[in-house]
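Per-entry structural report
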Amino acid sequence: DMGSPAAAEVIARKLIEAMGKGIAVEASTLQVTTSIGIAYSVHPAVAKKLMAIADAALYMAKNSGRNTWHMLLADDAAKPPQVGPQATATFGEDNA
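Our subject in this report is the structure included herewith. Fair warning: this is a prediction, and the values are worked out from it, not measured in the lab. (Residues numbered from 1 in each chain as written. Predicted model: local features only at pLDDT ≥ 70, side-chain atom pairs only at ≥ 80, totals over all residues. Heavy atoms only, no water.)

**Structural notes on the overall build of the protein chain**
The condition that has to hold: Helix and strand labels come from DSSP, where a helix needs a run of H or I of at least four residues and a strand needs a run of E of at least two; each type is numbered from the N terminus. Three exposure classes are used, based on accessible area relative to the maximum for each residue type with a 1.4 Å probe and protein chains only: buried under 20%, partly exposed in between, and exposed over 50%. Contacts are assigned to residue pairs with any non-hydrogen atoms lying within 4.5 Å of each other.
Summing up its helical and strand segments, the protein chain has 3 helices and 5 strands in all. Reading the secondary structure of the protein chain in the N-to-C direction produces α-β-β-β-α-β-β-α. The buried share of the protein chain, taken over its 96 residues, is 30%. The long-range share in the protein chain, meaning contacts at least 24 apart out of those at least 6 apart in sequence, stands at 47%.

Below is the structure:
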């Protein structure tokens, strides 16, 4: 289901994996890290609010050591934020 938080997690993992392969520049290979912030809402939401939440999630990912993702669910502030990759089991169990 591409409309689920789990689908966003899959995409984030694929992006981080792809960026981890390095970028060839002339005779060198640059290694980069990727931090991803995800905002998810099951209810209609204002784009500006989702962007602010995604931005907060991005900085949480960066502060977690980079090369990871962080997901915040806009609908339920009471749920703990999801941080990748260690969030996989928690996310799947809590939000299946």
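**Considering the nonpolar core**
Keep this limit in mind: Each nonpolar core is a collection of buried residues, namely Ala, Val, Leu, Ile, Met, Phe, Trp, Tyr and Cys, held together in the definition by side-chain atoms within 4.5 Å.
In this structure, Ala-8, Ala-12, Ile-16, Ile-36, Ile-38, Tyr-40, Trp-69, Met-71 and Leu-73 together form the largest nonpolar core, which totals 9 residues. Of all the secondary-structure elements, those providing two or more residues to this core are helix H1 (5-19), strand S3 (35-40) and strand S4 (68-73). Setting aside residues no more than four positions away along its own chain, Tyr-40 makes contact with Gly-3, Ser-4, Pro-5, Leu-72, Leu-73, Ala-74 and Asp-75.

**Quick word on helix H2 (residues 47-63)**
Cut-off, in case you're wondering: For a helix, the expected span equals 1.5 Å multiplied by the residue count minus one. Each C-beta atom gives one direction from the helix axis, and the arc is the one those directions make.
Taking 1.5 Å as the rise per residue, H2 with 17 residues should run 24 Å; its terminal C-alpha atoms sit 24 Å apart, in good agreement. The set of residues buried in H2 consists of Ile-53, Ala-54, Ala-57 and Ala-61. All buried residues of H2 lie within an arc of 100° about the axis, which places them on one face of the element. Projecting away from the buried face of H2 at angles above 90 degrees are the exposed residues Lys-48, Met-51 and Asn-63. Summarising the contacts, the buried residues of H2 are in contact with S3 and S4. Just past H2, the residue Gly-65 takes up positive phi, approximately 115°.

**Comments concerning unusual backbone geometry**
The phi dihedral of Glu-26 falls on the positive side, at around 55°, and the residue is not glycine. On the secondary structure map, Glu-26 appears in the loop between strand S1 (23-25) and strand S2 (28-30).

**Side note on the pairing of S4**
Basically, it comes down to this: Strand pairing is assigned whenever DSSP identifies at least 2 bridges connecting the two strands. Convention used here: a crossover is right-handed provided that the path from the first strand, over the helix, to the second strand proceeds clockwise when the strands point away from the viewer.
Counting buried residues along S4, 6 of its 6 residues qualify, which places the element largely inside the surrounding structure. Every second residue of S4 is oriented toward a common face, with Thr-68, His-70 and Leu-72 on one face and Trp-69, Met-71 and Leu-73 on the other, all of them buried. Pairing of S3 with S4, which is carried by 6 bridges, proceeds in the parallel orientation. Across the sheet, Gly-37 pairs through a bridge with His-70, a residue of S4. For the crossover that starts at S3, traverses H2 and ends in the parallel S4, the hand is left-handed.

**So, the environment of Ile-36**
Inspection of the secondary structure puts Ile-36 in strand S3. With sequence-adjacent residues up to four places away left out, Ile-36 is seen in contact with Ala-12, Leu-15, Ile-16, Ala-57, Leu-58, Ala-61, Thr-68, Trp-69 and His-70.

**Regarding the environment of Thr-33**
Relative to the assigned elements, Thr-33 resides in the loop between S2 and S3. With 34 residues separating them in the primary sequence, Thr-33 and Asn-67 have C-alpha atoms 4.8 Å apart. Ignoring anything within four residues of it in the chain, the contact list for Thr-33 reads Arg-66 and Asn-67.

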